[in-house]
Amino acid sequence: MGCSVTGVKSTPGDSPLQLGPKAEDVTKPINPLVFMLRFLLGAIAATYYVLVPIYMWVKDQVVPEGEPL
């Protein structure tokens, strides 16, 4: 999910958009606890993202239309 913007620059040369420094320094060593927390949170989110549509499809196949669950 994202957004794409297209266009044509009016003048040649460098872009007028000046970005600041990166927010995260990747030269420092990774904290294992933070890495594991991010990994678990991402795995839970991915599981939820995959299982909810499957559950909704199965529910649609099993429960007759118009019947309350």
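For clarity, every value in this text was computed on a predicted model and none was experimentally measured.

1. Quick look at the overall build of the chain
Turning to step 1, where the next piece is worked out: What the chain contains, in helices and strands, is 1 helix and 0 strands.
Turning to step 2, where the next piece is worked out: For the chain, the C-alpha radius of gyration of 23 Å lies well beyond 11 Å, the compact-globule estimate for 69 residues.
Turning to step 3, where the next piece is worked out: Based on the C-alpha atoms only, the size of the chain along its principal axes is roughly 60 × 45 × 15 Å.
Turning to step 4, where the next piece is worked out: Put simply, the chain has 69 residues, and 0% of those count as buried.
Turning to step 5, where the next piece is worked out: Of the accessible surface of the chain, which amounts to about 7,400 Å², a share of 67% is contributed by carbon and sulfur atoms.

2. A look at the packing of aromatic side chains
Turning to step 1, where the next piece is worked out: On inspection of all chains with the given rule, the structure shows 1 aromatic pair.
Turning to step 2, where the next piece is worked out: Taking 6.3 Å as the distance between ring centres and 20 degrees as the angle between the ring planes, the aromatic pair formed by phenylalanine 35 and phenylalanine 39 counts as stacked. One end of the pair is phenylalanine 35 and the other is phenylalanine 39, both in helix H1 (residues 32-62) and 4 residues apart, which spans about a single turn.
Turning to step 3, where the next piece is worked out: According to the relative accessible area criterion, phenylalanine 35 is partly exposed, its value standing at 47%.
Turning to step 4, where the next piece is worked out: The exposed category is assigned to phenylalanine 39, whose relative accessible area is 52%.

3. What to know about H1
Turning to step 1, where the next piece is worked out: Spanning 31 residues, H1 covers 44 Å between terminal C-alpha atoms, matching the ideal 45 Å at 1.5 Å per step.
Turning to step 2, where the next piece is worked out: The opening residue of H1 is asparagine 31, an N-cap whose side-chain oxygen sits 3.1 Å from the backbone nitrogen of leucine 33.

4. Overview of the UniProt feature "transmembrane region" (unreviewed entry) in the chain
Turning to step 1, where the next piece is worked out: The UniProt entry lists residues 35-58 under the feature "transmembrane region" (unreviewed entry), expressed in the numbering used here.
Turning to step 2, where the next piece is worked out: Helix makes up 100% of residues 35-58 and strand 0%. Its end C-alpha atoms lie 35 Å apart.

Definitions and limits used
- Residues numbered from 1 in each chain as written.
- Predicted model: local features only at pLDDT ≥ 70, side-chain atom pairs only at ≥ 80, totals over all residues.
- Heavy atoms only, no water.
- Helix = DSSP H or I, 4+ residues; strand = E, 2+ residues; numbered from the N terminus.
- Rg over C-alpha atoms; globule rule 2.2 N^0.38 Å.
- Buried < 20%, exposed > 50% of the residue type's maximum accessible area, 1.4 Å probe, protein only.
- Areas by Shrake-Rupley, 256 points an atom, 1.4 Å probe, with all protein chains shown as cover.
- Phe/Tyr/Trp six-rings, centres within 6.5 Å; stacked < 30°, edge-to-face > 60°.
- Expected span 1.5 Å × (residues − 1).
- Polar contact = N/O pair within 3.5 Å; in protein donor to acceptor, adjacent residues only side chain to side chain.
- UniProt positions renumbered as here; feature names shortened; annotations may be inferred.

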